[in-house]
Amino acid sequence: MGRGETSASDDLGEPIRYDPDFHGPLKHRSCTDVICLFIFIIFIGCWIGIGIFAFASGNPDKLLIPRDSSGSRCGYDGHVRDKPYLFFFDLTKCINPTVAFTGCNTTQVCVEQCPTKTYYYSNQGSVDDLICKYNVIPTPQTAQSLISEGQCAQWAIQSTDVLKRCLPSSLDVSSLYNITASQITSANHSLFVLSQAEQIGYDIVSDILSSWKEILLGIGICIVGSIIYIFILRWVASILVWLSIFAAIGALAFCVYWTSQNYIYYKDNPNAHEDANWLQAAFMKSGTWLGLLIAFSVILGILVLVVIFLRKRIVLAIALIKEGSKAVSACTSSLFFPILPWCMQLGVIAYVIAVAIYLSTVGHPSYEVRNYDSENCIDCNPANVQNGMSCNLETFGCSNKTSSVKCPAVCKFIQTTDDAYVTYLHIFNGVGLFWGVFFISALCEMILASTFATWYWTFKKSNVPFFTVTTAALRTVRYHLGTLAFGSLIITICRIIRVILEYIDHKLKKYDNPVTRAIMCCLKCFFWCLEKFLRFINRNAYIMCAIHGKNFCISAKNAFSLLMRNILRVFVLDKITDFIFFLSKMAIVIGVSASIYAIVVYVRTEEITYVFVPVIFVAICAYFICSAFFKVYTMAIDTLFLCFLEDSERNDGSPEKPFFMSKNLMKILNKKNK
């Protein structure tokens, strides 16, 4: 694109003028967005205060107290105070991924001790082993009917307590095998399923532990491979891009040919789908293939036109990708710098979770009278007891009216009643999560932007300072924390709105109104797009702030104007880099996974149960590692792109105003230093 193309209308601002004193990121600058920094510091201070209050007032052990099916707390509430353990009537119903959210769909009772042996009750068995609901006493005559009514558990497994919950200590169900065929019910099958599930889980964990050398080797290969790949991308980027583009054109051309042949065939044979099902029939109609033919033809035409008319910008995008590889290679420490922000983000998340757990236990327990029966209960404390009234767990009690029937009245725990402010503290903690994570992410982006801008604006690349990342970090922390707080707050507000919309949408689902669904869908889509746009603006604002030291608003305005004056370059570069990085990540992940598979199958001498377990584990780790490295690379390209645009407007190649861009970029743009 020539110089005339970068000079836009007055609405997009004037091109950047030459400044003889500008030599890259300013060393002498002032603090920016100080008010936002003060607000952020006050927020952090309040957040720390909330944490101190939560840790001093809360007790997370309360969250671990098991509760039976009626909500009574085992070993804590009056009528189950001597029964500290929780027993599940049918533990196999707990094998469901939704249990963490919906609870285990089986009867649960508090017991004095967990089952000490495995048994299955039959008509000839002993009722002494049966575990039943409270105040239910089975006899040989009533046991089977009580089991059928769900009052007693028909079977149990030898168990041990895990967090006061009775879980199988051994899945040896051999004692059940002696049951006759007529007595084998679904309980036996459930026990076998439970045993198999435990065995599969044990095998998976064992495979991971036994193949730790291969896993570490795969992670090491991924790290080394990612670094090497980024270094050599300057040579293979052009090949990757053009091969991918021509492969896509070829594939689309084949799809056009294939759909046209099917359209012609089914047009000439309209009755070919008479004996097919509805899905097969849909693809045996000429109209279906005509629609696909039109779609593939349109996509193919658009791609060909883009390649023809934007080929120079594609070449420019490839050149910038190569420049990014050079910049990262020159500042190798930038590849590993994000480890520190990641650790900080993990610390923020851990703090938020801890505060939320402790806040959840702040409050006072609420108890109400349940199962009061005036015909069987007398001399209650307090007097005039009624079901539903509040009671004191320590003082509540009733006597049996007759010795044959026990009074069923209990003082039952209902909930922990929070003071109103606790809810607001939870909300404050949630806002802290978003603001803290986004702030740290912004800090990483600005430090990397300052690093790569320093590399670009150094005329002789051999003179790039050795401690570039350290200098950039100190400069950012000293002058621009307020700008980072401002930018991250904007993203936080947008994210909070999205969370509120999700909450409203969840509440409105029970009404099943198509109008509200459409409105909520539009709102969620709008704010998702808005957050993506704001992230784009923020990233470029941080780059401009790292270079010129201006506040957030001025930096965002200047970056937006500069990008809009070169909108086609921005679009092509963004899509080309996304495409190349996607191919690169997939290539590394597949290569590492294939290598580990070959090692596990052909090199490893010890056998493992599931070969795919270490391979999948390594593939997941490799994907996240690649994403981390290429995130740095993406920031390098974005920074160099803005520097390149500014260089094109600020300088003209004369001895007084030489270009800082590489010779390759100058060659593409038909520019040169005189």
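Structural notes, computed from the coordinates. (Residues numbered from 1 in each chain as written. Predicted model: local features only at pLDDT ≥ 70, side-chain atom pairs only at ≥ 80, totals over all residues. Heavy atoms only, no water.)

### Re the overall build of the chain
Now for step 1: Helix and strand counts for the chain stand at 19 helices and 12 strands.
Now for step 2: Excluding contacts between residues fewer than 6 apart, the proportion of contacts in the chain whose partners are at least 24 apart in sequence is 73%.
Now for step 3: Total accessible area on the chain is roughly 36400 Å²; 63% of this is exposed by carbon and sulfur atoms. (Helix = DSSP H or I, 4+ residues; strand = E, 2+ residues; numbered from the N terminus. Contact = heavy atoms within 4.5 Å. Areas by Shrake-Rupley, 256 points an atom, 1.4 Å probe, with all protein chains shown as cover.)

### What about the nonpolar core?
Now for step 1: With 105 residues, the main nonpolar core has Tyr456, Tyr633 and Phe644 as its most contacted residues.
Now for step 2: The biggest single contributor to this core is helix H18 (residues 612–650), with 19 residues.
Now for step 3: In this structure, Phe87, Val109, Ala143 and Ile147 belong to the second largest nonpolar core, which totals 19 residues. (Core = buried A, V, L, I, M, F, W, Y, C linked by side-chain atoms within 4.5 Å. Buried < 20%, exposed > 50% of the residue type's maximum accessible area, 1.4 Å probe, protein only.)

### What about the pattern of salt bridges?
Now for step 1: A full pass over the atoms with the stated rule returns 10 salt bridges.
Now for step 2: Salt-bridge contacts for Arg650 lead to Glu646; the nearest nitrogen and oxygen are separated by 2.5 Å. Here Glu646 and Arg650 lie together in helix H18, a separation of four residues that amounts to about one turn.
Now for step 3: Owing to a relative accessible area of 7%, Arg650 belongs among the buried residues under this scheme. (Salt bridge = Lys/Arg side-chain N within 4 Å of Asp/Glu carboxyl O.)

### Description of the side chain of Thr468
Now for step 1: Relative to the assigned elements, Thr468 resides in helix H13 (residues 468–479).
Now for step 2: What makes Thr468 buried here is its relative accessible area of 6%.
Now for step 3: With residues near it in sequence (within four places) discarded, Thr468 still touches Thr451 and Thr454.

### With respect to the state of the cysteines
Now for step 1: Within this structure, the stated rule accounts for three disulfides.
Now for step 2: Two residues share a disulfide in this structure: Cys74 and Cys110, whose sulfurs sit 1.9 Å from each other. On the sign convention where negative is left-handed, the bridge of Cys74 and Cys110, at about -75° about the S-S bond, is left-handed. Taken as a pair, Cys74 in the loop between helix H2 (34–57) and strand E1 (85–88) and Cys110 in strand E2 (residues 108–111) lie far apart in primary sequence, 36 residues in all. We note that Cys74, like Cys110, is buried.
Now for step 3: What pairs with Cys114 in a disulfide is Cys166, and their sulfur atoms sit 2.1 Å apart. Given an S-S torsion of about -85°, the disulfide between Cys114 and Cys166 has left-handed geometry. On the criterion of sequence distance, the pair formed by Cys114 in the loop between E2 and strand E3 (119–120) and Cys166 in strand E8 (residues 165–168) is long-range, its members being 52 residues apart.
Now for step 4: Owing to a relative accessible area of 11%, Cys114 belongs among the buried residues under this scheme. (Disulfide = S-S within 2.5 Å.)

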